Amino acid sequence: MSLVSDRPVVGEPRPWHFPSFQRQTVAGGRVLTAHLPGRPLAVTALVADAGASAEPIGREGIAELVARALSEGTTSRDAHGFAVAGERLGATWRASTDWDSLRCGFEVPVGELGAATELLAEAVRSAAFADATLARVRDERIDEVGIDRSQPATRAAEAFAAEVFADLSRYHRSDGGDVASLSAITNDDVRDYRSARLTPSASTLVVVGDLDTVDVEALGRTVFDGWADNAAEPAAPDVQPRGGGRRTVVVDRPGSVQSMLMVGHDGPPRKVEDYVAMSTMALVLGGMFSSRLNLKIREEKGYAYGAFGGFDTRKHGGVFVARAAVQSEVTLPALADLVAEIERMQDGGVERDELEQARAYRAGVFPISFAGVMAVASGLGDLVIHDFPDDHFDQLRQRVLDVRKDELDSSAATHLRPEDLVTVVVGDASGFAKDLESAGLGPVSIVPDES
Amino acid sequence: MPTIPTYPYSEHRLDNGLRVVISEDHLAAVVAVNVWYDVGSRHESPGRTGFAHLFEHLMFQGSANVARGEHFSTVNSAGGTLNGTTWCDRTNYFETLPSHHLATGLWLEADRMGGLLEALDQANLDNQREVVKNERRQTRDNQPYGSWLEHLHELCYPEDHPYHHTTIGSMADLDAASLEDARNFYATWYAPDNAVLSIVGDVDTAEALDLANTYFGGIPAKGGFPTPPPTDLPARLGGERRRTVTDRIPVPRAFIGYRTAPFGTKEFDALQVAATVLGGGRGSRLYKALVLDRQLLQPSDGAIIDSWPFIGGATLTIADLPAREGVDIDVLESAYHAEVDRIADGVTAEEVERAKALITSHWLHHLSSVEGRADTFGQYATLLGDPGLINEALPNWLAVPIDDVVAVTGEVLRQDNRAVVTFIPDVSDEQEAAA
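All figures in this text were calculated on a predicted structure; none of them were measured in a lab.

1. Examining the interface of chain A and chain B
Then, number 1: Opposite the 70 residues of chain A that make contact, chain B presents 77 residues.
Then, number 2: Between chain A and chain B, roughly 6100 Å² of surface is buried when both sides are summed, and carbon and sulfur atoms account for 58% of that area.
Then, number 3: Of all residues in chain A, the largest losses of buried area upon contact with chain B belong to Leu3, Glu87 and Tyr305 of chain A, amounting jointly to 11% of the total for that side.
Then, number 4: Our count for the contact surface shared by chain A and chain B stands at seven salt bridges.
Then, number 5: The closest approach of N and O atoms between Asp202 of chain B and Arg14 of chain A, which form a salt bridge, is 2.8 Å.
Then, number 6: Run the count over chain A and chain B and you get 28 residue pairs in polar contact (both at pLDDT 80 or more).

Here's what the structure looks like:
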């Protein structure tokens, strides 16, 4: 009686393809549907080109307020009435924004797809946006930002964006805005953004689930029929980085038992030519448990619960950042390790076995990532927002399987820029401030945590 | 109401006592492997709080045929995802894999179930001790409101009860943990006859059972598992308990814990429905009164009040009440209690229908993934002895009559059965001062 010492020899994987889906135009609106048999729940959602990057500077956070206000009462019922109507169907409302999209809709038992889509249409077309409602939603959001930024990770991200991007860049502030920008938003700003951005020509209805007995065209008509369009194409946002080489910002929080570290710089947009090589390289550096950052900071040194890093690629630009929450005593050595790993990758690229693992993981995990209706709906939303071809995910997976070591090495050399690293530390400055000046991380500014 | 699916499964017991639950689902080419061990932080010895969780970390550090670091890299290279978690009643380890890699997952789990000691050493323990201490710092010590859970456990369970302390444990106890503790803990609790293996997904039941036998069959049974300390408790706390914490936080916030009948009881199920009427979803009573009408409570996506699935004598039902800026926490708390007390005047059929529709879709959502289902099979098999309860849970919730919703609210959500932890912002530099 013993253990089996030999690793199992496994068979061939079942072939995988992203679920097939249909594109159609119904009542002038775009509808994407994917039939996934056997699932009791379905998704009906609107994906709109109405993300945060189009917001005016100084009033960032409008898109998120629009998304939230959609479920806060319509011309025919109040916020409570709208919530109850959905919940009695067993429908879960979700509305969110990111840099490049606004998405809202329901996950719902498939038999209630029609009724849920009517509610979705009611929200996007007839939300009342009354003065008192918009004021409440904005004030709730301001309070929420106050709570969020009391967390070290959120406070660090705020300081990082502010230092990496120029003052008038849209990426200078978080996609959800901050207390100052939210406070400057008027009710009319919210209404105007909605009428300009949340329009049928900027929107796509995505329906995913067991659609055997579902009249998809009827769902499309529910959303688009008679919805007036007054879309205005938004200008491309200013996403200018500040520039200026290495520099460090410390947000001083006396008494902190950890330092939240972020190290990085601005980065390329999603459509960067070597996206597959760049993002696979980033997996090796900081995107998996066995990535270099985590092995060094956690598994070798025990400095942190985890260390990760990678690129956030948006439509118009992005960031590269490595991060870890480390115990205060090791702030400087941990920073040195993060920077050293970024430099080592930039300079020397990846090892062959690291590439093998990252490639195998990334290509192999597709069937898991897209097993459920929510994930497939989200994937379809990405296709819409980035204008990807229908075979995008299959193509992406194949390109991951084909990507070569020299391509990763060249991406590392190009897209990692150790000379431009911006370092942010949220922690108790008294423990490390005096040594930070000589740490080679550029000029150091220490700001009190005013929150 | 949607059709309620029945999740097919078969249950087996290997000669060494390992329970195996297999459920086929061929919709996607994926499989979830999940091992629940019947050991959690409630089985810890005095002076060793946090040990069950620290030990969980050691299970990822290699075993007889798996080198340090290879557990993660093997699963990732297979295109899989993995993790482990520890809570009061259990420890679970799980991976989701492309289905042709089922054997890889089983081999890895078997190797650490039967062969951990060959890889366990002082260096691994020291490293993971630091990792866990940083996990505690990151999730508790350096988080605003981070101590709330410890306060509720302390207030709701007496000092000699195994739920008195939280799973993350204390820094001093983590420091004291030795290699010998780890060896003893493993020798005591980690055995096929103290575990449930669940396999859910694109597999053939007979083949999966064969593989389970191949990889786990050679691990000897241990038996003789110690009886954990008694957990019996009076049905109620017997008086209101309060604690005020002054800390550097943006807004006041109250956490209210109620002693509640354990997971798996009729009262627990009824309270789930009552809690959803009260605080589940934006159509709930508390959301309407406290967020929409009076604007006292900061809204969030989670439930305002919910119960945990503990089995040891009594579980906890917890309300989380963050105040809006400028709102007096006492005003918020009173408004909350008034709304809870109003349930005694009765609830409508429509309210209960809404709650049950929400419970239904949340349950379907939870079980829509193979990993959610594997974990739930493991939960029912380990905690309540029967994986088949997965198919009874929803019918049980749906069968709760209106009268029971009112009655259970009156029995549980009452002043003499609650502990209230109130966080107050401190503008000075003072650290936490617990009353």
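2. Side note on the pattern of salt bridges
Then, number 1: The tally for this structure, following the rule as stated, stands at 65 salt bridges over all chains.
Then, number 2: A salt bridge links Arg155 of chain A to Asp449 of chain A; the shortest N-O distance between them is 3.3 Å. Here Asp449 of chain A lies in the segment after strand S12 (444-448) and Arg155 of chain A lies in helix H5 (residues 152-164), a separation of 294 residues in the sequence. Per residue, the accessibility class of Arg155 of chain A equals that of Asp449 of chain A, and both read buried.
Then, number 3: Lys434 of chain A is the partner of Asp435 of chain A in a salt bridge, and the nearest nitrogen-oxygen pair spans 3.7 Å.
Then, number 4: For Asp435 of chain A, a relative accessible area of 37% translates into the label partly exposed.
Then, number 5: Within this structure, Glu72, Arg136 and Glu140 of chain A together with Arg282 and Asp301 of chain B form a network of salt bridges that share partners.

3. Overview of the pairing of strand S4 (residues 92-97) of chain A
Residues and elements named next belong to chain A.
Then, number 1: Where S4 lies against strand S5 (residues 102-109), six bridges are found, and the strand directions are antiparallel. Bridge pairing links Ala95 to Cys104 in S5.
Then, number 2: As consecutive antiparallel partners, S4 and S5 are separated by four residues.

4. Some details on the state of the cysteines
All names here are of chain B.
Then, number 1: Within the structure shown, the criterion is met by zero disulfides over all chains.
Then, number 2: Unpaired in this structure, Cys156 has its nearest cysteine sulfur neighbour in Cys88, at a distance of 12 Å.
Then, number 3: Note on Cys156: relative accessible area 1%, which makes it buried.

Cut-offs and rules
- Residues numbered from 1 in each chain as written.
- Chains lettered and ligands numbered in written order.
- Predicted model: local features only at pLDDT ≥ 70, side-chain atom pairs only at ≥ 80, totals over all residues.
- Heavy atoms only, no water.
- Contact = heavy atoms within 4.5 Å.
- Buried area = accessible area lost by both parts, 1.4 Å probe.
- Salt bridge = Lys/Arg side-chain N within 4 Å of Asp/Glu carboxyl O.
- Polar contact = N/O pair within 3.5 Å; in protein donor to acceptor, adjacent residues only side chain to side chain.
- Helix = DSSP H or I, 4+ residues; strand = E, 2+ residues; numbered from the N terminus.
- Buried < 20%, exposed > 50% of the residue type's maximum accessible area, 1.4 Å probe, protein only.
- Pairing = 2+ DSSP bridges.
- Disulfide = S-S within 2.5 Å.

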